[in-house]
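These are the residues of each chain, in order.
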Amino acid sequence: GTIPLGDIHAGGELLSRLLRNYDRLEEDYYTPEHDFAAAGASEGWPGDKEGRIILALTLQAQATGREPQYLAEIIRQLAMHVNEKGYLGPLMGDKIMEQQLSGHGWLLRGLSEYYLWKKDPVAKAHIDDIITNLALPTRGAYREYPIDPESRQKQVGGAAGNTDKTLGRWMVSTDIGCAFIFLDGVVQAYAISPSAPLKVLIEEMIDRFSQIDLEAIQAQTHATLTALRGLLRFQRITGSASLVNEVEKRYRLYRSRAMTENYENFNWFGRPEWTESCAIVDSMMVAMELWQATGDAGYLEDAHHIYYNGICHVQRTNGGFGLDNCPPAAGSLLKVNADEAYWCCTMRGAEGLASRMCYGYVPASESLVVPFYGSSTAKVSFPAGEVVIGQESAYPFSGQV
């Protein structure tokens, strides 16, 4: 397990990063009037920006203890933008838009974290609408999600992704596999309100994901790693050991075939064109969760390298997060590819920094593991009572703790 965000207070380097990112997330581009599709947000990705900003501000508020300026208003305005079925974008008919599901993966995550924090019934009602009217109607369709490598166009797509073509019922994206970003949000919604039909859908999604040859199809690594987080989340609910094995297998493939020299990512398997902070955050979270699930310290070592060499490198001076090139495939020099991917990575960076804060202290039944160093205090509950621990450290600039 991890300690709740409100019970940890970061200092030092991590606090500077958190506050710089939080300030960026309250600039104009992220205010309520710019967060909904009518204002050009999430173009082609209904729910994506809306979900990512809710998730980012919810986690930042708890990580820093600072009340967000716009979050309550974004939640309030959501009702004015959803369609008659209670989700964003067009009504889903015979055709399923992969990018719409992907965007709602983030919206479910954001609303779920907000609900767990504030216990707001409005957020819960939005979650229920999305599950009932957008998720559950895809039962049976995930079995037909197009995974034949010949059917997907591989060398297309920009940093923001677009809907590429229609295959059967699926309108598929150049971000190959992004329908499985939905999985992580659906599983978190299931953790809040379990139901038998939703469990059936989750198992169908996991089955289909497990059949994909990620390299042959050149899957997007962000979609892959977010899906792996969904599998691990479901494993924590169900206790299924086979899910951990599946995640280990796929993480090892990612690590050996789609990770850059400095622990960032190729945006797609087989296409070392640029990196993406969203996926780098996911990879750290997967590595940490695998370490907790297996006890294999190699995963913890990966998480350290990913955080310090990857995440810290792609955070920019304005607090946002950007894209780099892909050494060694791009030569031996590490260079900036895009200064900031403000439409996605800057918001995902918030979860990277907040989770890194949670990873500072990992309680076991009778002990406490300190897997990362950094100035901080933590309140830890044990069966025998509560303890508050303070840590002073200049890590990574010096080794003193």
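Fair warning: this is a prediction, and the values are worked out from it, not measured in the lab.

S.K.: Where do I start with the packing of helix α1 (residues 12-25) against helix α2 (residues 48-64) in this structure?
M.R.: Any two packed helices are characterised by how steeply their axes cross, that is the angle between the axes, and by the distance between the axes. For the pair α1 and α2, interaxial distance at closest approach is 10 Å and the crossing angle is 140°. Our classification of the angle between α1 and α2 gives oblique. For the crossing formed where α1 meets α2, the hand is left-handed. Together, L18, L19, N21, Y22 and L25 of α1 and I53, A56, L57, Q60, A61, A63 and T64 of α2 make up the contact between the two elements. Residue composition of the contact of α1 with α2, grouped by class: nine nonpolar, three polar and no charged.

S.K.: What is the right way to read the packing of aromatic side chains from this model?
M.R.: For any pair of aromatic rings, the description consists of the separation of the ring centres together with the inter-plane angle of the planes. Summed over the entire model, instances satisfying the criterion amount to 17 aromatic pairs. When the centroid spacing of 6.1 Å and the interplanar angle of 85° are considered together, the rings of Y114 and W117 count as edge-to-face. Placement of both Y114 and W117 in helix α4 (residues 98-118) is noted, with a separation of three residues, approximately one turn of the helix. The class for Y114 is buried, based on a relative accessible area of 6%. Feature note: the residues Y142, Y145, W170, F180 and F209 constitute an aromatic cluster, connected by ring pairs.

S.K.: Would you take a moment to explain empty space enclosed by the protein for this structure?
M.R.: If a probe the size of a water molecule is rolled over the atoms, the empty space left behind becomes visible. Per the counting criterion, the structure on display carries two cavities of 30 Å³ or more. Taken as a whole, the largest cavity holds about 50 Å³ of empty space. Around the largest cavity, the lining residues are Y145, I176, G177, F180, F209, I212, L214, I217, A219, A223 and T224. Of all the elements in the fold, those that place two or more residues in the lining of the largest cavity are α8 (214-217) and α9 (221-238). Looking at side-chain class alone, the lining of the largest cavity contains nine nonpolar, two polar and no charged residues.

S.K.: How should helix α11 (residues 277-294) be read in this particular structure?
M.R.: Structurally, the α-helix is built with 3.6 residues per turn, so residues lying three or four positions apart point the same way. Taking 1.5 Å of rise per residue, 18 residues should cover 26 Å, and α11 covers 26 Å from first to last C-alpha, within 8% of that figure. Buried residues dominate α11, accounting for 15 of its 18 residues. Just downstream of α11, G295 is the residue with a positive phi angle, here 75°.

S.K.: Help me out: how do you make sense of unusual backbone geometry in this one?
M.R.: Trans is the common state for peptide bonds, and a negative phi is the common state for residues other than glycine. With omega at 5°, the peptide bond leading from P327 into P328 counts as cis. Residue placement: P328 occurs in the loop between β5 (323-324) and β6 (336-338). The omega torsion of the bond from Y395 to P396 falls at 10°, within 30 degrees of zero and hence cis. Here P396 shows up in the segment after β10 (385-391). Positioned with a positive phi, K119 is a non-glycine residue whose angle comes to about 55°. Mapping K119 onto the fold places it in the loop between α4 and α5 (121-135).

S.K.: Explain the layout of surface pockets to me, please; I cannot follow it from the model alone.
M.R.: The space that makes up the largest pocket amounts to roughly 860 Å³. If you go around the largest pocket, you meet 29 residues; those closest to its centre are T2, E113, Q188, R233 and R236. Of all the elements in the fold, those that place two or more residues in the lining of the largest pocket are α2, α4, α6 (181-192), α9, α11 and α13 (345-358). No other element matches the six residues that α9 contributes to the lining of the largest pocket. Here the lining of the largest pocket is built from residues that sort into 15 nonpolar, seven polar and seven charged.

Cut-offs applied
- Residues numbered from 1 in each chain as written.
- Predicted model: local features only at pLDDT ≥ 70, side-chain atom pairs only at ≥ 80, totals over all residues.
- Heavy atoms only, no water.
- Axes fitted to C-alpha atoms, helices over the stretch in contact; angles between N-to-C directions.
- Helix = DSSP H or I, 4+ residues; strand = E, 2+ residues; numbered from the N terminus.
- Parallel < 35°, antiparallel > 145°, perpendicular 65-115°, else oblique.
- Left-handed = near helix turned anticlockwise from the far one by under 90°.
- Contact = heavy atoms within 4.5 Å.
- Nonpolar A, V, L, I, M, F, W, Y, C, P; charged D, E, K, R; others polar.
- Phe/Tyr/Trp six-rings, centres within 6.5 Å; stacked < 30°, edge-to-face > 60°.
- Buried < 20%, exposed > 50% of the residue type's maximum accessible area, 1.4 Å probe, protein only.
- 1 Å grid on protein atoms, 1.4 Å probe; cavity = no way out; pocket = protein on both sides within 12 Å on 5 of 7 lines; lining within 4 Å.
- Points joined across faces, edges and corners; volume = space filled by probe spheres on them.
- Expected span 1.5 Å × (residues − 1).

Purely geometric numbers; function is a separate question.
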